[in-house]
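# Fold and contact review
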Amino acid sequence: MKERPPTRRGPGRPREFDEDDALEEAMQTFWVKGFTRTSLDDLLCATGMARQSLYRVFGDKRALFRKVLDRYGAMHRGMLQTLLQDNPSPLAGLDALVDLWESSALEDDFSGCLNLNSLAEFAAVEDDEIQDVLHTNLADAEGAIIDALSRAVALGELELRRTPTEVAHSLLGTAQALSHLGRYRVQPALIHNIAAGARDLLGAPR
C-alpha cells in the first residue's frame, strides 16, 4: 500500500480533520511500516493531526493501532462477505479469493496482509488484547472460507478429499505464503505456482 501525504493547511488556521479519514491514513502507515517501526511523527504526518489532537481522539500509539485492527477486520470481513457469502456460486467466490491473493502479491507496492504481518510481529509480545483481536480476525476469515467450501460441496460444485476445515487451513496457509513472499518481490513464477496449488484444492487449476 502506498502512503499518501496529509492534506496541507495554511498557517494559523485551525486544524480540521475527519476521524474516519485519519484512521484510514493511520492504517495505511501501520500497514506499510508495522507497529514497531511506525513512530508518532509518522502518524502525525500521515493523519495531518496535531499531537494533542491525536492523543485526545485516539489515545496513544497502541490504542490507535487497536482501532486500526478493528477497522481492518471490518474491512476484511466486508470483502469476504462480497466474494464468498453474497456469491451464488461459492466455488467461483473461492476462486476469486485466490485470484485476489495472487494479484495483490504481484503488485509493486504490496505490503502483505496487515493482520498476518501483525500476527508475526506480535508473536513474542505479551499483549493479550492485541493478540485476541488478531486471532479473532483470522478466525473470521477461516469461518468464511469453511462456510464457502461447505456450501460448494452441498451444491455439488466441489468434491473434497479432506474436510472443509482442513482445506480452509491449507488455503489460509497459501494466503500466509503469498502475503510473506509478495512483500519480498520474489519471482512471479513462485507466486503463480503457489496460487495454482490452492486452485488444485478447488479443482480449478489454471
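For the structure, see preceding data.
Residues numbered from 1 in each chain as written. Predicted model: local features only at pLDDT ≥ 70, side-chain atom pairs only at ≥ 80, totals over all residues. Heavy atoms only, no water.

### A short note on the layout of surface pockets
Looking at the largest pocket, its volume works out to about 620 Å³. Taken together, 31 residues make up the lining of the largest pocket; nearest its centre are Tyr72, His76, Met79, Trp101 and Cys113. Counting only elements with at least two residues in the lining of the largest pocket, the list comes to helix H4 (61–85), helix H5 (90–105), helix H6 (114–121), helix H7 (128–154) and helix H8 (164–183). At seven residues, H4 tops the list of elements feeding residues into the lining of the largest pocket. For the lining of the largest pocket, the per-class residue count stands at 19 nonpolar, eight polar and four charged. (1 Å grid on protein atoms, 1.4 Å probe; cavity = no way out; pocket = protein on both sides within 12 Å on 5 of 7 lines; lining within 4 Å. Points joined across faces, edges and corners; volume = space filled by probe spheres on them. Helix = DSSP H or I, 4+ residues; strand = E, 2+ residues; numbered from the N terminus. Nonpolar A, V, L, I, M, F, W, Y, C, P; charged D, E, K, R; others polar.)

### A word on the packing of aromatic side chains
Under the counting rule described, the total for this entry stands at six aromatic pairs. On the basis of an interplanar angle of 15° and a centroid distance of 6.1 Å, the ring pair of Phe30 and Phe35 is categorised as stacked. Here the two residues Phe30 and Phe35 agree in accessibility, since each one is buried. With a centroid separation of 5.0 Å and 50° between ring planes, the pair formed by Phe35 and Phe65 is classed as tilted. Residue Phe35 is found in helix H1 (residues 19–37), and its partner Phe65 is found in helix H4; the two are separated by 30 residues along the sequence. Accessibility assignment for this pair places Phe35 and Phe65 in one class, buried. Each residue in the set Phe30, Phe35, Phe65 and Phe122 is aromatic and connected to the rest through ring pairs, giving one cluster. Residue placement shows Lys61 over the ring face of Phe35; its charged tip is 4.4 Å from the ring centre. (Phe/Tyr/Trp six-rings, centres within 6.5 Å; stacked < 30°, edge-to-face > 60°. Buried < 20%, exposed > 50% of the residue type's maximum accessible area, 1.4 Å probe, protein only. Lys NZ or Arg CZ within 6 Å of the ring centre and 35° of its normal.)

### Brief notes about the environment of Ala46
Mapped onto the elements of the fold, Ala46 is located in helix H2 (residues 40–47). Taking C-alpha positions, Ala46 is 5.7 Å from Glu25, a pair spaced 21 residues apart along the chain.

### As for the nonpolar core
With 27 residues, the main nonpolar core has Leu84, Leu94, Trp101, Ile145, Leu149, Leu171 and Leu202 as its most contacted residues. Of all the secondary-structure elements, those providing two or more residues to this core are H4, H5, H7, H8 and helix H9 (188–201). For this core, the element with the most residues is H7, which contributes seven residues. If sequence neighbours within four positions are ignored, Leu202 has contacts with Leu91, Leu94, Asp95, Val98, Leu149, Leu158 and Leu171. (Core = buried A, V, L, I, M, F, W, Y, C linked by side-chain atoms within 4.5 Å. Contact = heavy atoms within 4.5 Å.)

### Structural notes on the packing of helix H3 (residues 51–58) against H4
One way to put it is that H3 packs onto H4 with a least axis distance of 9 Å and a crossing angle of 55°. When the axes of H3 and H4 are compared, the pair comes out oblique. Judged by the sense of rotation from one axis to the other, the crossing of H3 with H4 is left-handed. Only Ala63, Leu64 and Lys67 of H4 make contact with H3, whose side of the interface consists of Leu54, Val57 and Phe58. Of the residues in the contact of H3 with H4, the class split is five nonpolar, no polar and one charged. (Axes fitted to C-alpha atoms, helices over the stretch in contact; angles between N-to-C directions. Parallel < 35°, antiparallel > 145°, perpendicular 65-115°, else oblique. Left-handed = near helix turned anticlockwise from the far one by under 90°.)

### With respect to the pattern of salt bridges
If the charged atoms of two oppositely charged side chains come close together, the side chains can form a pair. For the coordinates displayed, the defined rule picks out 13 salt bridges. A salt bridge links Arg66 to Asp70, with the nearest nitrogen and oxygen atoms 2.5 Å apart. Of this pair, Arg66 and Asp70 both sit in helix H4, four residues apart, which is roughly one turn of the helix. For Arg66, a relative accessible area of 22% puts it in the partly exposed group. The class for Asp70 is partly exposed, based on a relative accessible area of 37%. The salt bridge involving Asp140 is made with Arg77; its shortest N-O contact spans 3.0 Å. On the criterion of sequence distance, the pair formed by Asp140 in helix H7 and Arg77 in helix H4 is long-range, its members being 63 residues apart. (Salt bridge = Lys/Arg side-chain N within 4 Å of Asp/Glu carboxyl O.)

Remember, this is a structural readout, not a statement about activity or role.
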